[in-house]
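This is what each chain is made of:
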Amino acid sequence: MTGRAAPPELTVQARIPSGSNAVYRCVDADGDAWVYKPSLGERPLADFPDGTLAAREVAAYLVSVALGWDLVPETVAVSGPGGPGMAQRWIDEVPDDEAGGPDPVDVHPVDAVPDGRVPVLRGEGARGEDVVVAHTVDERVRRIALLDHVVNNADRKGGHLLVDTGGVVWAIDHGLSFHVQPKVRTVLWGWAGQALPADDLDGLRRLRTALRDADTLRLGLADLLDPAEIDALEHRVEALVEAGVFPVPGPGYPLPWPLF
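These figures come from a predicted structure and were not determined experimentally.

S.K.: Got a sec to walk through the pattern of salt bridges? Specific residues and values, please.
M.R.: In total, this model carries 19 salt bridges according to the counting rule given. The partner of Arg89 in a salt bridge is Asp32, and the shortest N-O contact between them spans 3.5 Å. Separated by 57 residues along the polypeptide, Arg89 in strand β5 (residues 83-89) and Asp32 in the loop between β2 (24-27) and β3 (33-38) bring together distant segments of the chain. A salt bridge links Asp173 to Lys37; the shortest N-O distance between them is 2.5 Å. Pair noted here: Asp173 is in the loop between β10 (169-171) and α3 (198-212) and Lys37 is in strand β3, with a separation of 136 residues, a long-range link. Given a relative accessible area of 23%, Asp173 falls into the partly exposed group. Salt bridges sharing partners connect three or more residues here, namely Arg208, Arg212, Arg218, Asp231, Glu234 and Glu238.

The following block contains the structure:
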């Protein structure tokens with residue numbers, strides 16, 4: 001996935017009511033659909049500077065590109081109908097009746113977890129039954145889990161993984177990322193403590209090289225993040241390469257809330 005020569009000119013079609021911040025479905029001059037999040041529509045947070053979430057989403061896309069994994073839909077900085085913010089390519093999701101299986105992260109009876117999935121949390125269902133939250137362990141979701149540790153994602157909910165009509169899983173909603181302090185909260189803990197595959201280490205090394213080149217990725221990130229946040233990103237990548245394993249959480253699992 002490559003960047004655009006210029007940001008799209010957007011026309012708002014509808015507001016998306018599910019987000020805690022202002023989110024709109026828009027179309028560009030070619031009729032292509034985008035998700036648009038204006039910075040003025042961001043709810044203030046105690047631990048992230050005001051008006052910075054859109055820039056963090058663009059930064060997460062640039063990091064995904066540098067890794068070579070194409071996990072995040074194209075995301076660009078724009079000045080849209082509601083002011084400066086970000087626009088991300090719209091993902092047409094596969095309809096529920098055509099999905100052919102559970103979501104990448106889903107809830108299952110405790111004694112009926114499908115093959116190829118790993119439980120990360122046990123709880124109680126709406127009728128008091130024992131259930132688990134489990135996620136798939138395919139390569140793409142594994143790399144999304146690793147991306148979360150790279151960008152220090154504080155909000156990887158199950159609903160932030162979208163499956164498109166071709167069956168490809170995409171990672172969205174990275175506004176709460178790149179903090180200088182460790183803040184990873186994710187439902188994707190199924191690989192904790194496991195060795196990183198060689199191909200994943202290769203991607204981390206590509207990213208490390210790009211971060212050391214002041215004329216490419218680091219220059220692009222300088223318009224989006226604080227210098228200390230870029231330094232912290234580089235340190236996280238270096239630590240992952242040196243350790244060669246998925247990080248292990250402390251006591252309990254740092255989980256987002258809600259989970260979906």
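S.K.: Explain the side chain of Asp148 to me, and be specific about the residues and the numbers.
M.R.: In this fold, Asp148 is placed in helix α2 (residues 139-151). Among the polar contacts listed, one links the side chain of Asp148 to the side chain of Arg156, at a separation of 2.8 Å. Leave out the neighbours within four places in its chain, and Asp148 touches Asn153, Arg156, Val184, Thr186 and Leu188.

S.K.: Explain α3 to me, and be specific about the residues and the numbers.
M.R.: An ideal rise of 1.5 Å per residue puts 21 Å on 15 residues; α3 measures up with 21 Å between its terminal C-alpha atoms. Buried residues of α3: Asp200, Leu201, Gly203, Leu204, Leu207, Arg208, Ala210 and Leu211, and no others. In this structure, the buried residues of α3 make contact with α1 (53-67), α2, α4 (217-222) and α5 (227-243).

S.K.: Tell me about unusual backbone geometry, and name the residues and values.
M.R.: In this model, Trp257 is joined to Pro258 through a cis peptide bond whose omega is -5°. Backbone geometry places Asp70, a non-glycine residue, at a positive phi of 55°. Within the secondary structure layout, Asp70 lies in the loop between α1 and β4 (75-80). When its relative accessible area of 30% is taken as the criterion, Asp70 is described as partly exposed.

S.K.: Break down the nonpolar core for me, citing the residues and quoting the values.
M.R.: Here is a general trend for soluble globular proteins: nonpolar side chains tend to be buried in one another's company. Val63, Val150, Leu188, Leu204, Leu207 and Leu221 are the most contacted members of the largest nonpolar core, which has 50 residues in total. With residues near it in sequence (within four places) discarded, Leu207 still touches Val63, Ala66, Leu67, Val150, Leu217 and Val237. In terms of nonpolar packing, the next biggest core, distinct from the first, is built from seven residues, Trp34, Tyr36, Val76 and Val78 among them.

S.K.: Tell me about the sheet that holds β4, and name the residues and values.
M.R.: The antiparallel open sheet is built from five strands, whose spatial order is β1-β2-β3-β5-β4. Of all the strands in the sheet, just β1 (11-15) and β4 have a single pairing partner and so form its edges. Going across the sheet, the axis of each strand differs from the next one's by a mean of 40°, ignoring polarity. In this structure, β3 lies alongside β5, joined through five bridges in antiparallel fashion. Bridge pairing in β5 links Trp34 to Arg89.

S.K.: Pulling in residues and values, what's your account of the packing of α2 against α3?
M.R.: Across the interface, α2 lies against α3 with an axial gap of 11 Å and an inter-helix angle of 35°. Remark: the crossing between α2 and α3 carries right-handed chirality. In this structure, α2 uses Arg142, Arg143, Leu146 and Val150 to contact α3, whose residues at the interface are Asp199, Asp200, Leu204 and Leu207. For the contact of α2 with α3, a count of residues per class yields four nonpolar, no polar and four charged.

S.K.: Which residues make up the packing of aromatic side chains, and what are the values?
M.R.: In this description, a pair of aromatic rings is defined by centroid distance and the angle of the planes. Evaluation of the coordinates by the stated rule reveals two aromatic pairs. Aromatic pair Tyr24 and Tyr36: ring centres 6.1 Å apart, planes at 35°, arrangement tilted. Of this pair, Tyr24 sits in strand β2 while Tyr36 is found in strand β3, placing the two residues twelve residues apart along the sequence. Its guanidinium or amino end placed over the ring of Trp90, Arg25 lies 4.4 Å from that ring's centre, counting from NZ or CZ. The side chain of Arg140 reaches across the aromatic face of Trp170, ending 4.8 Å from its centre.

Rules behind the numbers
Residues numbered from 1 in each chain as written. Predicted model: local features only at pLDDT ≥ 70, side-chain atom pairs only at ≥ 80, totals over all residues. Heavy atoms only, no water. Salt bridge = Lys/Arg side-chain N within 4 Å of Asp/Glu carboxyl O. Helix = DSSP H or I, 4+ residues; strand = E, 2+ residues; numbered from the N terminus. Buried < 20%, exposed > 50% of the residue type's maximum accessible area, 1.4 Å probe, protein only. Polar contact = N/O pair within 3.5 Å; in protein donor to acceptor, adjacent residues only side chain to side chain. Contact = heavy atoms within 4.5 Å. Expected span 1.5 Å × (residues − 1). Core = buried A, V, L, I, M, F, W, Y, C linked by side-chain atoms within 4.5 Å. Pairing = 2+ DSSP bridges. Axes fitted to C-alpha atoms, helices over the stretch in contact; angles between N-to-C directions. Left-handed = near helix turned anticlockwise from the far one by under 90°. Nonpolar A, V, L, I, M, F, W, Y, C, P; charged D, E, K, R; others polar. Phe/Tyr/Trp six-rings, centres within 6.5 Å; stacked < 30°, edge-to-face > 60°. Lys NZ or Arg CZ within 6 Å of the ring centre and 35° of its normal.

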